[in-house]
Amino acid sequence: MHLFEYRDGRLHCEDVDLTRVAKEFGTPTYVYSAGTVLDHYMRLDNALAPIDHLICYAVKANSNRTILKLLAEAGAGFDIVSGGELFRVFAAGGDPAKCTFAGVGKSREEIEYALKEGVYCFNVESEQELEQIDNIAGAKNLRAPIALRVNPDVEAHTHEYIATGSHQNKFGIALDHIAAVYERAARMRNIEIVGVQMHIGSQITEAKPFANAIDKVAPLLRELKSKYAIKFFSIGGGMGIIYRRALESGPGKWWRDHGGEASAFSVRDYADAILPQLRELGIRILVEPGRFLVGNAGVLLTRVLHVKQSGGKKFAIVDAGMNDLIRPALYQSYHEIVPVKQPKTERERKISKVDIVGPVCESGDFFARDREMPELHEDDLLAIMSGGAYGFAMASNYNSRTLPAESLVRGNKFALIRKRQTWEDLLCGEMEPL
Ligand SMILES: *Cc1c(COP(=O)(O)O)cnc(C)c1O
């Protein structure tokens, strides 16, 4: 579900006409729907209601402070991967005691900070890291709560860059080796074993890989539960969203039959597939969704700068670039792109193929290739759908382009939640010492 739809021929986010947002804040601008984020959170929370659970939002997907605050107020914990993310969670009023600290490489400074603030758990990915945390905690006379990240070696059927649960990649500790590492951990004076963690990948659209991974890890969990007083099992994030045909309802349907297949991840199916095993384990369950909560809750508004014909191809050059939204360039990912003003006449609705590209000096700077679109013109406002996750969070200043603005819609209200950078901001921190 999401709250973007056409009303009176204009694309709305909740009760706000997106042409108003573009007029007020300019383009490119990310627009997020508070109602959609909260709806996704509640649906997952309700689906997991039969078991003791905590939803730890994966901050890396979208770390804007206002988004974090929204989720903190709804009761979420947070899955963080850096000291900077912990700092952000604080700034948003989140509770460090509900934070899990993940990542394959944590610096001394980050570990000290997380210890001082009392995070719920360090998710540890190697014996070397375990030793490091033991040492640092020892120097501070503290005990560090830890979970080891198990790599269950399952196939997640997703893009190779975002699959994390097979032995081919750098993540976690192999299932057949992990009991030994727990034994070592148990002998460390400044380590407290509190859980087990896994995360098999991202944008997984079926429930089966999750259930398979849980089945594979369940025997280990039973063993650990009897040996150490572990408190939780984190089954990671990775629940996928619909990128194709992101806009399903209303009169905007007319050209969508040209698109690809929608593959929906259903919270119901997910819960049905995993709850029986999890209930049997009788332990607190953590989930770490990022994309699922925020992905379809955001769009990137952009304006067409030029439409150009070249070498038998048509290009629409827009004012957003790969520095604003890198997913198509990085993962060959598909984003639905729709005009904010719905074409009215037959002529306007005529569909042709166009590459929608940004202004950055890279051939990889595209949002769509050979996309079937209605006639596009200079100044047309477009919405790149499903941009709420790994959108702004991965934005950069490449080509000395300023970071885009971010805005939030709540009902009939909308507001800026991050100012567009200025050219002065680009020089911030630079020096001429010699
Ligand atoms: C990235 C990540 C997540 C979130 O992934 P999504 O696909 O956005 O749900 C959760 N846990 C860990 C350990 C991660 O690295």
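Residues numbered from 1 in each chain as written. Predicted model: local features only at pLDDT ≥ 70, side-chain atom pairs only at ≥ 80, totals over all residues. Heavy atoms only, no water.

Colleague: Which residues make up the site of the ligand, and what values go with them?
Modeller: Lining the immediate surroundings of the ligand are 14 residues, of which Lys60, Ser202, Gly238, Glu288 and Tyr390 lie closest. In this structure, Ser202 approaches the ligand through a side-chain N or O atom, which is 2.3 Å from an oxygen atom. Take Glu288: an N or O atom from its side chain is 2.6 Å from a nitrogen atom of the ligand. For the ligand, the accessible surface in isolation is 390 Å², of which the surrounding protein chains cover 93%. Of the residues assigned to the shell around the ligand, the class counts are three nonpolar, six polar and five charged. (Near = heavy atom within 4 Å. Polar contact = N/O pair within 3.5 Å; in protein donor to acceptor, adjacent residues only side chain to side chain. Areas by Shrake-Rupley, 256 points an atom, 1.4 Å probe, with all protein chains shown as cover. Nonpolar A, V, L, I, M, F, W, Y, C, P; charged D, E, K, R; others polar.)

Colleague: I'd like a description of the pattern of salt bridges, backed by residues and values.
Modeller: With the rule as written, the count across this model stands at 19 salt bridges. Between Asp39 and Arg43 there is a salt bridge, with its nearest N and O atoms 3.3 Å apart. On the criterion of helical spacing, the pair formed by Asp39 and Arg43 is a turn pair, its members being four residues apart in helix 2 (residues 34-47). Asp39 sits in the partly exposed class, given a relative accessible area of 24%. (Salt bridge = Lys/Arg side-chain N within 4 Å of Asp/Glu carboxyl O. Helix = DSSP H or I, 4+ residues; strand = E, 2+ residues; numbered from the N terminus. Buried < 20%, exposed > 50% of the residue type's maximum accessible area, 1.4 Å probe, protein only.)

Colleague: Can you break down the sheet that holds strand 3 (residues 16-17) residue by residue, with the values?
Modeller: Across a sheet, paired strands are connected by hydrogen bonds in the backbone, their directions being either parallel or antiparallel. The sheet built from three strands is open, its strands ordered 1-2-3 with antiparallel pairing. Lying at the two open borders of the sheet, with one neighbouring strand each, are strand 1 (4-7) and strand 3. Direction of pairing for strand 1 relative to strand 2 (residues 10-13): antiparallel, over a ladder of four bridges. Bridged to Glu5 within strand 2 is His12. (Pairing = 2+ DSSP bridges.)

Colleague: Which residues make up the packing of aromatic side chains, and what values do they have?
Modeller: Inspection of the entire model under this criterion finds nine aromatic pairs. Through a chain of ring-to-ring contacts, the aromatic side chains of Tyr30, Tyr32 and Phe392 assemble into a single cluster. Over the face of the ring belonging to Tyr334 we find Arg244, whose NZ or CZ atom lies 4.1 Å from the ring centre. The residue whose ring lies beneath Arg371 is Tyr334, and the NZ or CZ to ring-centre distance is 4.0 Å. (Phe/Tyr/Trp six-rings, centres within 6.5 Å; stacked < 30°, edge-to-face > 60°. Lys NZ or Arg CZ within 6 Å of the ring centre and 35° of its normal.)

Colleague: Lay out the side chain of Thr302 in plain terms, naming residues and giving numbers.
Modeller: Tracing the chain through its elements places Thr302 in strand 14 (residues 298-310). On the basis of relative accessibility, which here comes to 1%, the residue Thr302 falls in the buried class. For Thr302, the side chain forms a polar contact with the side chain of Asp319, separated by 2.5 Å. If we ignore the near neighbours within four places in the chain, the residues touching Thr302 are Thr27, Val318, Asp319, Ala320, Asp380, Leu381, Leu382 and Ile384. (Contact = heavy atoms within 4.5 Å.)

Colleague: Provide a residue-level description of unusual backbone geometry, including the pertinent values.
Modeller: Cis peptide bonds are those with omega within 30 degrees of zero, and the linkage from Thr27 to Pro28 qualifies with -5 degrees. For Pro28, the position within the fold is in the loop between helix 1 (18-25) and strand 4 (29-33). We note that Gln203 has phi near 55 degrees; this positive angle belongs to a residue other than glycine. Along the polypeptide, Gln203 turns up in the loop between strand 11 (191-197) and helix 8 (208-227).

Colleague: Please give an account of the domain arrangement of the chain that cites residues and values.
Modeller: Structurally, the chain comprises domain 1 (34-295) and domain 2 (296-421). Contacts between the two partners involve 32 residues from domain 1 and, on the opposite side, 33 residues from domain 2. Where domain 1 packs against domain 2, one counts zero salt bridges. The tally of links from domain 1 across to domain 2 stands at 10 residue pairs in polar contact (both at pLDDT 80 or more). Among the elements of the structure, helix 2, helix 3 (65-74) and helix 10 (291-294) are those that each provide at least two residues to the side of domain 1 that touches domain 2. Among the elements that line the side of domain 1 that touches domain 2, the one with the most residues is helix 2, at five residues. The residue makeup of the side of domain 1 that touches domain 2, split by class, is 18 nonpolar, nine polar and five charged. (Domains from an automatic or database assignment.)

Colleague: Just give me the short version of the state of the cysteines, but keep the residues and values in it.
Modeller: Evaluation of the coordinates by the stated rule reveals zero disulfides. Not engaged in a disulfide, the cysteine Cys56 finds its nearest cysteine sulfur in Cys99; these two sulfurs lie 7.4 Å apart. (Disulfide = S-S within 2.5 Å.)

Colleague: I'd like to hear about the side chain of Ser333, residue by residue, with values.
Modeller: Along the polypeptide, Ser333 turns up in the loop between helix 11 (327-331) and strand 16 (337-339). The class of Ser333 is buried, set by a relative accessible area of 13%. Within the local environment of Ser333, its side chain forms a polar contact with the backbone oxygen of Arg327, the two atoms lying 2.8 Å apart. Contacts of Ser333, omitting those with residues within four sequence positions, involve Arg327 and Pro328.

Colleague: So, the environment of Val124: which residues are in play, and what are the values?
Modeller: With respect to the helices and strands, Val124 occurs in strand 8 (residues 121-124). It is 9.4 Å that separates the C-alpha atoms of Val124 and Lys106, two residues lying 18 residues apart in sequence. Setting aside its immediate chain neighbours within four residues, Val124 contacts Lys106, Glu129, Leu130, Ile133, Ile146, Ala147, Leu148, Arg149 and Ile173.

Colleague: Explain the environment of Gly312 to me, using residue names and the numbers behind them.
Modeller: If you trace the backbone, Gly312 turns up in the loop between strand 14 and strand 15 (313-318). Relative accessible area serves as the criterion here: at 76%, Gly312 is assigned to the exposed category.

Colleague: Before we move on, can you summarise the pairing of strand 5 (residues 53-58) with the specific residues and values?
Modeller: In summary, the side chains of a regular strand alternate between the two faces of the sheet. Across the six residues of strand 5, six count as buried, placing the element largely inside the fold. The alternating pattern of strand 5 places His53, Ile55 and Tyr57 on one face and Leu54, Cys56 and Ala58 on the opposite face, and all of these are buried. As paired strands, strand 5 and strand 13 (residues 284-287) are joined by three bridges and run parallel to one another. For Ile55, the partnering residue across the bridge sits in strand 13 and is Val287. Two strands pair when backbone bridges link them, and strand 5 and strand 6 (residues 77-80) are joined in this way by three bridges, in the parallel orientation. Each residue of the ladder has a partner; that of Tyr57, found in strand 6, is Phe78.

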